[in-house]
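Analysis of the macromolecular model
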Amino acid sequence: MASPAILPITSQPTADTIQQIGPTPAFRSFINHISTTVQTGFANRRPWSELLDRSAFSKPESISDATLRIRKNYTYFRINYLSLLAAVLAFSLITNPFSLLILSGLLAAWLFLYLFRPSDPPLVLFGRQFSERETLGVLFVSTVVVIFLTSVGAVLVSALMVGLGIVCTHAAFRAPEDLFLDDQESPATGFLSFLSGGAANAAAVTLAPAVAARV
């Protein structure tokens, strides 16, 4: 008698395999921190009608007066100004789809190939294994090429210059005498705070398994 056919047994994915397929804890922590920071920033945004109040505009008496106005207005309208800069940058990238595509690919490469990629298993591309130092070197060279040898750098610099020009012109001609900063509001808070906070949280999440393994 012929022996019955042996059916192949498919191994079920373990919890570690599922965790490696999905986003890393550092990446999830970073995204959650950015989302919370952006929501908090928009909650502290000043009314746009107050920003565009025509009765509050006047010519500065001197360069020092204009500089003082810029400092006071930035402290008060910080979130509005950062939103304006982001809008100018987004408009510039949307009107230059090639630059937007290249910049998005570069950002995705940094995120998924270096910053939030688990150290094990090592990175393997085109049948070759890359160490952490080699991966960082390739990403750094790619960033230099994209920023300085393509139109991406010119688009970013021109957008930032236009946005800063609009912000500085408004802040210099907007009289800040009627503006009062809340005592409980810290001047250091805002959209840019996620750079340090998010990186710290991501590093803590990334180093936690290694510390636990050594213990």
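Residues numbered from 1 in each chain as written. Predicted model: local features only at pLDDT ≥ 70, side-chain atom pairs only at ≥ 80, totals over all residues. Heavy atoms only, no water.

**Here we look at the overall build of the chain**
When helices and strands are counted, the chain shows nine helices and two strands. Among the 215 residues that make up the chain, the fraction classed as buried is 27%. For the chain, contacts bridging at least 24 residues in sequence account for 82% of all contacts bridging at least 6. Working note: accessible area of the chain is about 14,800 Å², and carbon and sulfur atoms make up 69% of it. (Helix = DSSP H or I, 4+ residues; strand = E, 2+ residues; numbered from the N terminus. Buried < 20%, exposed > 50% of the residue type's maximum accessible area, 1.4 Å probe, protein only. Contact = heavy atoms within 4.5 Å. Areas by Shrake-Rupley, 256 points an atom, 1.4 Å probe, with all protein chains shown as cover.)

**Examining helix α5 (residues 78-94)**
Here α5 is 17 residues long and its end C-alpha atoms lie 24 Å apart, about the 24 Å a rise of 1.5 Å per residue gives. Along α5, the residues that are buried comprise Arg78, Ile79, Asn80, Tyr81, Leu82, Ser83, Leu85, Val88, Ser92 and Leu93. (Expected span 1.5 Å × (residues − 1).)

**Some remarks on the packing of helix α6 (residues 97-115) against helix α7 (residues 132-149)**
In contact at an axis separation of 11 Å, α6 and α7 are set at 165° when each is read in the N-to-C sense. Considering the angle they form, α6 stands roughly antiparallel to α7. Taken as a pair, α6 and α7 cross one another with a handedness that is left-handed. In this structure, α6 contributes Ile102, Leu106, Ala109, Trp110, Leu113 and Tyr114 to the contact, and α7 contributes Glu132, Thr135, Leu136, Leu139, Phe140, Ser142, Thr143 and Val146. Partitioning the contact of α6 with α7 into residue classes produces 10 nonpolar, three polar and one charged. (Axes fitted to C-alpha atoms, helices over the stretch in contact; angles between N-to-C directions. Parallel < 35°, antiparallel > 145°, perpendicular 65-115°, else oblique. Left-handed = near helix turned anticlockwise from the far one by under 90°. Nonpolar A, V, L, I, M, F, W, Y, C, P; charged D, E, K, R; others polar.)

**Remarks on helix α8 (residues 151-173)**
Taking 1.5 Å of rise per residue, the 23 residues of α8 would be expected to cover 33 Å, and the 33 Å separating its terminal C-alpha atoms lies within 8% of that figure. Residues of α8 that are buried: Val152, Gly153, Val155, Leu156, Ala159, Gly163, Val167, His170, Ala171 and Ala172. Those residues of α8 that are buried are in contact with α3 (48-51), α4 (63-76), α5, α6 and α7.

**A word on the environment of Thr169**
Along the chain, Thr169 falls in helix α8. Assessed through its relative accessible area of 46%, Thr169 is described here as partly exposed. Note: C-alpha distance between Thr169 and Ala66 (103 residues apart in sequence) is 9.2 Å. One polar contact links the side chain of Thr169 to the main-chain carbonyl oxygen of Gly165, over a distance of 2.7 Å. (Polar contact = N/O pair within 3.5 Å; in protein donor to acceptor, adjacent residues only side chain to side chain.)

**Side note on the confidence of the model for the chain**
On average, the chain scores 75 in pLDDT, and the residues at 70 or more come to 64%. A low-confidence stretch, residues 187-199 (pLDDT under 50), is modelled with 27 contacts involving residues beyond four sequence positions or located in other chains. Across residues 205-215, confidence stays below pLDDT 50; counting only partners more than four residues off in sequence or on other chains, it has four contacts. (pLDDT = per-residue confidence, 0-100.)

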